[in-house]
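Remarks on the overall topology
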Amino acid sequence: ARYFLTTIIARTIGIEYLGLYSLANAVTRIMEVIGTAGLNLGILKSVSHSRGSENDGSILPTVQSALKYGIKFGLIAMVVQLSLASWLVHSVFKEQELLIRILIANAASLPFAISASIAAHATQAFQQLKYKIFSLEIIGPTAGIILFVLVNYFINPEASIVFLVFGSAVASFISIKY
């Protein structure tokens, strides 16, 4: 679905907006990797190792702890991205002000995206890969496409790019939670 999204963006509102989306998305993905701090892979290994052993009772507290730290690290990553947004746009990318708004909205998605990733890896540890794939690779991007089309049609192209990643991350977070 992510591949369709880039095609839809380029075809409906143009490659300039696609470029702004891509720049902001790259920065946000870097912050997401930093903010995840390896908790997604750590929880995958920890839960897989503890499953079926006498440490079975430690799985739930371990997952809860990882999610708490994921939210904290997500908030820190969000603050860092918010702090760097203006400097990145003016000094590094030398782009228009719209990119600042996109970076700010994308920063707000970080706690949701990081928590969803950690929760998805925890479900994968129980050999339930379908939930991870469904949530992160189908629901999130599909919600992003729907949100993009609706906001582009009813509001304007700039708003559709601004809220795209946030809507996708929140949809992934909600779908993995339930």
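Anything mentioned here points back to the structure above.
These notes cover the structure that comes with them. Just so we're clear, the structure is a prediction, and the values are computed from it rather than from any experiment.

**Focus on the overall build of the chain**
- Within the chain, the regular secondary structure consists of 7 helices and 0 strands.
- Ordered by position from the N terminus, the helices and strands of the chain form the series α-α-α-α-α-α-α.
- Relative to the 2.2 N^0.38 estimate, which gives 16 Å for 178 residues, the radius of gyration of the chain is 17 Å and therefore close to what a compact globule would have.
- Once the C-alpha set of the chain is aligned to its principal axes, its extents read approximately 55 × 30 × 20 Å.
- Counting across all 178 residues of the chain, residues that qualify as buried make up 43%.

**What to know about the pattern of salt bridges**
- Applying the stated criterion across every chain yields a total of 2 salt bridges.
- For Arg29, the salt bridge identified is with Glu32, shortest N-O distance 2.1 Å. One end of the pair is Arg29 and the other is Glu32, both in helix α2 (residues 15–36) and 3 residues apart, which spans about a single turn.
- Given the relative accessible area of 16%, Glu32 is considered buried.
- The residue Arg101 makes a salt bridge to Glu158 at a minimum N-O spacing of 3.2 Å. Remark: Glu158 occurs in helix α7 (residues 157–177) and Arg101 occurs in helix α5 (residues 98–125); sequence separation between them is 57 residues.

What counts and how
- Residues numbered from 1 in each chain as written.
- Predicted model: local features only at pLDDT ≥ 70, side-chain atom pairs only at ≥ 80, totals over all residues.
- Heavy atoms only, no water.
- Helix = DSSP H or I, 4+ residues; strand = E, 2+ residues; numbered from the N terminus.
- Rg over C-alpha atoms; globule rule 2.2 N^0.38 Å.
- Buried < 20%, exposed > 50% of the residue type's maximum accessible area, 1.4 Å probe, protein only.
- Salt bridge = Lys/Arg side-chain N within 4 Å of Asp/Glu carboxyl O.

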